[in-house]
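Each chain is listed here by its residues.
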Amino acid sequence: MEGASPYHLSRDCLARRRGAAGTSGAQLLLWCCSPRTPRLRVNAILSKHRALRYYELGSMEKYISRRSFCADVVVAGAAALTGCKLGTTTIPVTSDARINALPGVPPTAAIAPGIHDLVVQGSDRFCWLIVPAGYDHSRAWPMTLFFRGAITPARNYMDNFQPIADELGILILAPEATGRTWDLVLGGFGPDVEFINRSLHTAFQHVHVDPDRIFTSGFSDGASYSLSLGLTNGDYFSRIAAYSPGFIQAAAQRGQPGFFITHGNMDQVLPVESSRYIVEQLKSAGYEVDYREFDGPHAVSLSLARASWEWMLGGAG
């Protein structure tokens, strides 16, 4: 890692919603809570039409200029658990968002360390799997899911993550979103949940995974997805990491997962205030949260990604 950039800067820097004629582009307030769980409010950035659009800003390995973004990206207050409403329109949920894939009989065939593209069962699409150096199929290994940000393909993150996976001894599975970004950002849980379950089933046929050490992580839109899907499945994912999230909108609250959240204090895409508010509300709801800000833009801090995965494995991080 010596001499490498400390960040993975994606191409999915959210700029502005291009609203239809006559709309202002202002972000709206959402309100939701579960009647049986502590009230958990978080920041969300969702457009009036429930779909965000993005500028393609190209591959960047430097700080993002303030001029790169529009001035009307704002943080609106939000709520985030069940039955969410946007004005008078209920956000559709076409899935219960349950992750139910479990490892079966451990695979006996060897698989080489490195980055693998796996054809997902029941589809013609791929997911990406990092197998760390020293992988031995005779024992069970920890695995984290990684959800990419909008636009930037999951594969683009893998080269930066592989040395960390090798060092820590963790499998990393990165499914692709079925659309330009994750289904929840576009309206509600649906096809991506099904594809994630299929991706897990596919991975379990290739690598020996410890069912008690399956975690989740993500960046930007993927960070929001990691928080939301993770909290919904807190009895499946014991630890949840999010790098620069914008919101959390769970279908339910299950289990008592721990959270590791990072955010750059110069983020002009999803302002750092969103994570500060998410952290405040998670803590007030009784969850354990490790929150770390860094001096930087909308990016994955590789040192903090490493710290989050070390934390998942029980280290200090």
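To be clear, the structure that these remarks concern was listed above.
Residues numbered from 1 in each chain as written. Predicted model: local features only at pLDDT ≥ 70, side-chain atom pairs only at ≥ 80, totals over all residues. Heavy atoms only, no water.

An account of the overall build of the chain is requested, with residue identities and associated values reported.
The helix and strand tally for the chain stands at five helices and 14 strands. Per-residue burial for the chain yields a buried fraction of 56% across its 317 residues. Sequence-distant contacts, at least 24 apart, represent 75% of the contacts inside the chain between residues at least 6 apart. Surface summary for the chain: the accessible area is close to 12,700 Å², and the carbon and sulfur share equals 50%. (Helix = DSSP H or I, 4+ residues; strand = E, 2+ residues; numbered from the N terminus. Buried < 20%, exposed > 50% of the residue type's maximum accessible area, 1.4 Å probe, protein only. Contact = heavy atoms within 4.5 Å. Areas by Shrake-Rupley, 256 points an atom, 1.4 Å probe, with all protein chains shown as cover.)

Run through the nonpolar core, naming residues and quoting values.
Within the largest apolar cluster, 50 residues are counted, with the highest numbers of intra-cluster contacts made by M143, I196, L200, V207, Y225 and L229. If one sorts the elements of this core by residue count, helix α2 (residues 191–204) sits on top with six residues. In this structure, M143 is in contact with L129, I170, L171, L173, L200, A203, F204, V207, V209, R213, I214 and F215, ignoring residues within four places of it in sequence. Residues F146, A305, A307 and M312 belong to the second largest nonpolar core, which totals 25 residues. (Core = buried A, V, L, I, M, F, W, Y, C linked by side-chain atoms within 4.5 Å.)

Give a description of the packing of aromatic side chains that names residues and reports values.
If you walk through the whole model with that rule in mind, you get 13 aromatic pairs. Arranged with centres 5.5 Å apart and planes meeting at 50°, the rings of F260 and W311 form a pair that is tilted. Here F260, found in strand β12 (residues 258–264), pairs with W311, found in helix α5 (residues 302–312); they are 51 residues apart in sequence, far enough to count as distant. Of the two residues examined, F260 and W311, each falls in the buried class. Among the aromatic residues, those joined into a ring-pair cluster are F146, Y157, F161, F219 and W309. Over the ring of F195 we find R125; its NZ or CZ atom is 3.8 Å from the centre of that ring. The aromatic ring of W311 is capped on one face by R239, whose charged end is 4.6 Å from the ring centroid. (Phe/Tyr/Trp six-rings, centres within 6.5 Å; stacked < 30°, edge-to-face > 60°. Lys NZ or Arg CZ within 6 Å of the ring centre and 35° of its normal.)

So what about the pattern of salt bridges? Which residues, and what values?
Summed over the entire model, instances satisfying the criterion amount to 10 salt bridges. For E167, the salt bridge is made with R306, and the minimal N-O distance between the two is 2.5 Å. In this pair, E167 is assigned in helix α1 (residues 155–168) and R306 in helix α5, connecting sequence segments 139 residues apart. On the basis of relative accessible area, R306 is assigned to the partly exposed category, the value being 24%. A salt bridge links R292 to D290; its shortest N-O distance comes to 3.1 Å. The partly exposed category is assigned to R292, whose relative accessible area is 21%. Within the structure, one salt-bridge network assembled from shared partners comprises E167, R306 and E310. (Salt bridge = Lys/Arg side-chain N within 4 Å of Asp/Glu carboxyl O.)

I'd like a description of helix α3 (residues 221–232), backed by residues and values.
Under the 1.5 Å per step criterion, the end-to-end length of α3 is 16 Å for 12 residues, consistent within 8% with the ideal 16 Å. Of all 12 residues making up α3, 12 are buried, and the element is well covered by its neighbours. Within α3, burial applies to D221, G222, A223, S224, Y225, S226, L227, S228, L229, G230, L231 and T232. (Expected span 1.5 Å × (residues − 1).)

Give me the lowdown on the side chain of S228, citing residues and values where you can.
When you line up the elements, S228 lands in helix α3. Overall, the relative accessible area of 0% leaves S228 in the buried class. Ignoring any residue separated from it by four or fewer positions in sequence, one finds S228 in contact with L184, F189, F247, I248, Q249 and A250.

Can you tell me about the environment of F260, naming the residues and giving the values?
Judged by relative accessible area, which is 0%, F260 ranks as buried. For the pair F260 and A307, spaced 47 residues apart in the sequence, the C-alpha separation amounts to 9.2 Å. Every residue in contact with F260, bar those within four places of it in the chain, is listed here: I240, A241, A242, D290, R292, L304, A307, S308 and W311.

Can you lay out the environment of T181 for me, pointing to particular residues and giving the numbers?
Position of T181 among the secondary structure elements: in the loop between β9 (171–175) and α2. Judged by relative accessible area, T181 falls into the buried class, the value being 1%. The sequence separation of T181 and G222 amounts to 41 residues, and the corresponding C-alpha distance is 8.2 Å. Engagement of the side chain of T181 in a polar contact is seen with the side chain of D221, the distance being 2.6 Å. (Polar contact = N/O pair within 3.5 Å; in protein donor to acceptor, adjacent residues only side chain to side chain.)

Now, about α1: what can you tell me, with residues and values included?
Residues three or four positions apart in an α-helix share a direction because the helix packs 3.6 residues into each turn. In a regular helix each residue adds 1.5 Å, so 14 residues correspond to 20 Å; α1 covers 20 Å between its end C-alpha atoms and thus fits that length. Phi turns positive, to about 75°, at G169, one or two residues after α1.

Please provide a residue-by-residue account of the packing of α1 against α5, values included.
The geometry of α1 relative to α5 is characterised by a closest axis approach of 10 Å and an angle of 35° between their N-to-C directions. In this structure, the crossing between α1 and α5 has a hand that is right-handed. Seen from α1, the contacting residues are N160, F161, I164, E167 and L168; seen from α5, they are L302, R306, W309 and E310. In the contact of α1 with α5, the residues fall into five nonpolar, one polar and three charged. (Axes fitted to C-alpha atoms, helices over the stretch in contact; angles between N-to-C directions. Left-handed = near helix turned anticlockwise from the far one by under 90°. Nonpolar A, V, L, I, M, F, W, Y, C, P; charged D, E, K, R; others polar.)

Note that every value here comes from positions in space, so none of it alone points to a role or purpose.
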